[in-house]
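Structural overview for review
If you want the building blocks of each chain, they are given just below.
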Amino acid sequence: MKNTKSDLRSHYLKLRSKFTSQQIDNFSIEIVNRCLELNLWNKSIYHLFMASEQNNEIDTALLLSVLQGKDKQAVIPKILDGYELEHYLLVDQTPLKRSRWGILEPQSGIKINSNEIDVVFVPLLIFDLQGHRIGYGKGYYDRFLAKCRKETIKVGLSYFDPIERIEDIQSHDIPINFGITRDRIYEFSSD
(Lines give C-alpha, C1' and ligand atoms only; values in the text may rest on other atoms or scores of the structure.)
Protein backbone atom coordinates (compact mmCIF):
# COMPACT_ATOMS: atom_id res chain seq x y z
CA MET A 1 0.00 0.00 0.00
CA LYS A 2 1.21 3.48 -0.85
CA ASN A 3 0.98 6.20 1.76
CA THR A 4 -1.15 8.43 -0.44
CA LYS A 5 -4.32 9.99 0.88
CA SER A 6 -6.64 7.89 -1.28
CA ASP A 7 -4.95 4.57 -0.41
CA LEU A 8 -4.75 5.40 3.28
CA ARG A 9 -8.35 6.65 3.35
CA SER A 10 -9.60 3.44 1.78
CA HIS A 11 -7.50 1.26 4.10
CA TYR A 12 -8.51 2.98 7.36
CA LEU A 13 -12.18 3.26 6.41
CA LYS A 14 -12.16 -0.52 5.90
CA LEU A 15 -10.45 -1.12 9.25
CA ARG A 16 -12.84 1.22 11.04
CA SER A 17 -15.91 -0.35 9.45
CA LYS A 18 -15.09 -3.63 11.20
CA PHE A 19 -15.30 -2.19 14.72
CA THR A 20 -18.17 -3.41 16.87
CA SER A 21 -20.29 -0.91 18.83
CA GLN A 22 -18.64 -2.23 22.01
CA GLN A 23 -15.17 -1.53 20.59
CA ILE A 24 -16.23 1.97 19.55
CA ASP A 25 -17.54 2.66 23.06
CA ASN A 26 -14.35 1.35 24.71
CA PHE A 27 -11.98 3.08 22.28
CA SER A 28 -13.90 6.38 22.58
CA ILE A 29 -13.62 6.29 26.38
CA GLU A 30 -9.86 5.67 26.14
CA ILE A 31 -9.42 8.57 23.69
CA VAL A 32 -11.49 10.99 25.78
CA ASN A 33 -9.55 10.00 28.92
CA ARG A 34 -6.32 10.73 27.04
CA CYS A 35 -7.72 14.17 26.09
CA LEU A 36 -8.09 14.97 29.78
CA GLU A 37 -4.29 14.85 30.05
CA LEU A 38 -3.91 17.78 27.64
CA ASN A 39 -2.98 21.19 28.97
CA LEU A 40 -5.77 23.08 27.19
CA TRP A 41 -8.63 23.14 29.66
CA ASN A 42 -8.03 26.81 30.53
CA LYS A 43 -9.58 27.97 27.24
CA SER A 44 -13.18 29.12 26.71
CA ILE A 45 -14.59 28.08 23.33
CA TYR A 46 -14.18 24.48 22.13
CA HIS A 47 -15.33 23.23 18.74
CA LEU A 48 -16.44 19.61 18.67
CA PHE A 49 -17.49 17.42 15.76
CA MET A 50 -20.52 15.25 16.41
CA ALA A 51 -19.99 11.60 15.52
CA SER A 52 -21.46 9.85 12.52
CA GLU A 53 -22.52 6.51 13.99
CA GLN A 54 -23.05 5.00 10.54
CA ASN A 55 -19.36 5.72 9.83
CA ASN A 56 -18.16 4.29 13.17
CA GLU A 57 -16.66 7.62 14.22
CA ILE A 58 -15.30 8.22 17.71
CA ASP A 59 -18.19 8.96 20.08
CA THR A 60 -17.67 12.61 20.99
CA ALA A 61 -20.75 12.76 23.27
CA LEU A 62 -18.35 11.84 26.11
CA LEU A 63 -16.11 14.77 25.26
CA LEU A 64 -19.16 17.03 25.14
CA SER A 65 -20.02 15.90 28.68
CA VAL A 66 -16.48 16.77 29.78
CA LEU A 67 -16.77 20.26 28.25
CA GLN A 68 -20.12 20.86 29.90
CA GLY A 69 -18.81 19.55 33.22
CA LYS A 70 -15.93 22.03 33.02
CA ASP A 71 -18.36 24.89 32.18
CA LYS A 72 -16.80 25.42 28.75
CA GLN A 73 -18.59 26.81 25.72
CA ALA A 74 -19.10 24.00 23.21
CA VAL A 75 -19.52 24.82 19.53
CA ILE A 76 -20.73 22.26 17.00
CA PRO A 77 -20.78 22.46 13.20
CA LYS A 78 -23.48 22.32 10.59
CA ILE A 79 -22.47 21.20 7.10
CA LEU A 80 -23.46 23.62 4.34
CA ASP A 81 -23.49 23.27 0.58
CA GLY A 82 -20.19 24.24 -1.02
CA TYR A 83 -18.15 22.18 1.44
CA GLU A 84 -18.37 24.80 4.19
CA LEU A 85 -19.19 24.53 7.88
CA GLU A 86 -21.26 26.87 10.04
CA HIS A 87 -20.63 26.87 13.78
CA TYR A 88 -23.20 27.18 16.57
CA LEU A 89 -22.87 27.57 20.31
CA LEU A 90 -24.52 24.55 21.89
CA VAL A 91 -27.00 25.61 24.56
CA ASP A 92 -30.04 23.86 26.02
CA GLN A 93 -32.32 25.56 23.47
CA THR A 94 -30.25 24.70 20.39
CA PRO A 95 -32.49 22.64 18.08
CA LEU A 96 -30.62 19.57 16.79
CA LYS A 97 -31.53 17.29 13.91
CA ARG A 98 -29.78 14.31 12.29
CA SER A 99 -28.29 15.09 8.88
CA ARG A 100 -28.32 12.68 5.97
CA TRP A 101 -24.97 11.41 7.30
CA GLY A 102 -26.56 10.61 10.65
CA ILE A 103 -24.78 13.48 12.42
CA LEU A 104 -26.59 15.65 14.96
CA GLU A 105 -26.46 19.21 13.65
CA PRO A 106 -27.73 22.53 15.01
CA GLN A 107 -30.63 23.92 13.00
CA SER A 108 -30.38 27.48 14.30
CA GLY A 109 -29.04 29.39 17.25
CA ILE A 110 -26.04 31.50 18.17
CA LYS A 111 -23.46 31.51 15.37
CA ILE A 112 -19.80 31.58 16.32
CA ASN A 113 -17.10 32.85 13.96
CA SER A 114 -14.15 30.57 13.28
CA ASN A 115 -11.71 33.16 14.64
CA GLU A 116 -13.42 33.09 18.07
CA ILE A 117 -12.70 29.39 18.66
CA ASP A 118 -9.85 28.45 21.02
CA VAL A 119 -9.68 24.66 20.55
CA VAL A 120 -10.90 22.46 17.70
CA PHE A 121 -11.33 18.71 18.09
CA VAL A 122 -10.74 17.53 14.54
CA PRO A 123 -12.21 14.36 13.03
CA LEU A 124 -9.81 12.23 11.03
CA LEU A 125 -9.06 8.71 9.86
CA ILE A 126 -5.30 8.73 10.37
CA PHE A 127 -2.48 11.22 10.95
CA ASP A 128 1.26 11.07 10.41
CA LEU A 129 4.24 11.89 12.62
CA GLN A 130 4.37 15.44 11.20
CA GLY A 131 0.79 16.20 12.29
CA HIS A 132 -0.78 15.93 8.85
CA ARG A 133 -4.17 14.26 8.76
CA ILE A 134 -6.51 12.46 6.44
CA GLY A 135 -10.25 12.94 6.67
CA TYR A 136 -12.92 12.06 4.13
CA GLY A 137 -11.28 14.17 1.44
CA LYS A 138 -13.87 16.93 1.02
CA GLY A 139 -11.76 19.62 2.72
CA TYR A 140 -14.41 20.87 5.17
CA TYR A 141 -11.99 21.06 8.05
CA ASP A 142 -9.05 22.46 6.07
CA ARG A 143 -11.28 25.33 4.90
CA PHE A 144 -12.59 25.85 8.44
CA LEU A 145 -9.17 25.65 10.14
CA ALA A 146 -7.74 28.15 7.64
CA LYS A 147 -10.22 30.71 9.06
CA CYS A 148 -9.25 30.06 12.69
CA ARG A 149 -6.60 32.10 14.49
CA LYS A 150 -3.02 30.86 14.21
CA GLU A 151 -3.01 30.08 17.96
CA THR A 152 -6.18 27.99 17.82
CA ILE A 153 -5.26 24.54 19.15
CA LYS A 154 -6.12 21.71 16.76
CA VAL A 155 -6.57 18.28 18.34
CA GLY A 156 -7.04 15.24 16.11
CA LEU A 157 -8.76 12.15 17.52
CA SER A 158 -7.84 8.77 16.06
CA TYR A 159 -8.49 5.11 16.74
CA PHE A 160 -5.18 4.32 15.03
CA ASP A 161 -1.54 5.02 15.81
CA PRO A 162 0.05 7.50 13.39
CA ILE A 163 1.89 6.41 10.29
CA GLU A 164 5.38 7.62 9.40
CA ARG A 165 4.39 9.98 6.58
CA ILE A 166 1.49 10.85 4.28
CA GLU A 167 3.09 11.26 0.85
CA ASP A 168 0.79 13.70 -0.94
CA ILE A 169 0.35 16.58 1.51
CA GLN A 170 -0.52 19.89 -0.15
CA SER A 171 0.04 23.49 0.89
CA HIS A 172 -3.63 24.00 1.90
CA ASP A 173 -3.57 20.97 4.26
CA ILE A 174 -3.57 22.25 7.83
CA PRO A 175 -1.73 20.10 10.39
CA ILE A 176 -2.94 19.37 13.90
CA ASN A 177 -1.12 20.41 17.09
CA PHE A 178 -1.97 17.20 18.94
CA GLY A 179 -2.89 13.71 17.80
CA ILE A 180 -4.75 11.67 20.40
CA THR A 181 -4.89 7.89 20.19
CA ARG A 182 -6.10 5.36 22.73
CA ASP A 183 -2.57 4.95 24.11
CA ARG A 184 -0.77 8.22 23.62
CA ILE A 185 -0.70 11.96 22.98
CA TYR A 186 1.42 13.08 20.03
CA GLU A 187 2.45 16.74 20.04
CA PHE A 188 3.54 18.59 16.90
CA SER A 189 5.30 21.90 16.58
CA SER A 190 3.08 24.68 15.31
CA ASP A 191 5.64 26.04 12.80
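What you are looking at is a predicted structure, and each value in this text was computed from that prediction instead of being measured.

1. Considering the sheet that holds strand β9 (residues 153–157)
- With mixed pairing, the seven strands of this open sheet are ordered in space as β3-β2-β1-β6-β9-β10-β11. The outermost strands of the open sheet, each flanked by one partner alone, are β3 (84–89) and β11 (185–187). Mean inter-strand twist for the sheet, computed between neighbouring axes without regard to direction, equals 25 degrees.
- Set on the sheet, helix α2 (residues 21–35) makes contact with β6 (119–123), β9, β10 (178–180) and β11; between it and β10 the angle comes to about 145 degrees.
- This element, helix α3 (residues 61–69), spans β1 (45–48), β2 (73–80), β6 and β9 of the sheet and lies at about 170 degrees to β1.

2. Remarks on unusual backbone geometry
- Positive phi values are uncommon outside glycine, yet Asn56 reaches one of about 55 degrees.
- Mapped onto the elements of the fold, Asn56 is located in the loop between β1 and α3.
- Its relative accessible area of 14% is what places Asn56 among the buried residues.
- Phi at Asp71 takes a positive value of approximately 55 degrees, unusual for a residue other than glycine.

3. A look at the nonpolar core
- Among the nonpolar cores identified, the biggest contains 57 residues, and Trp41, Phe121, Val155 and Leu157 are the most heavily contacted of them.
- Sequence-distant contacts of Trp41, defined by excluding residues within four places in its chain, comprise Cys35, Leu36, Tyr46, Leu63, Val66, Leu67, Lys70, Lys72 and Phe121.

Cut-offs applied
- Residues numbered from 1 in each chain as written.
- Predicted model: local features only at pLDDT ≥ 70, side-chain atom pairs only at ≥ 80, totals over all residues.
- Heavy atoms only, no water.
- Pairing = 2+ DSSP bridges.
- Helix = DSSP H or I, 4+ residues; strand = E, 2+ residues; numbered from the N terminus.
- Axes fitted to C-alpha atoms, helices over the stretch in contact; angles between N-to-C directions.
- Contact = heavy atoms within 4.5 Å.
- Buried < 20%, exposed > 50% of the residue type's maximum accessible area, 1.4 Å probe, protein only.
- Core = buried A, V, L, I, M, F, W, Y, C linked by side-chain atoms within 4.5 Å.

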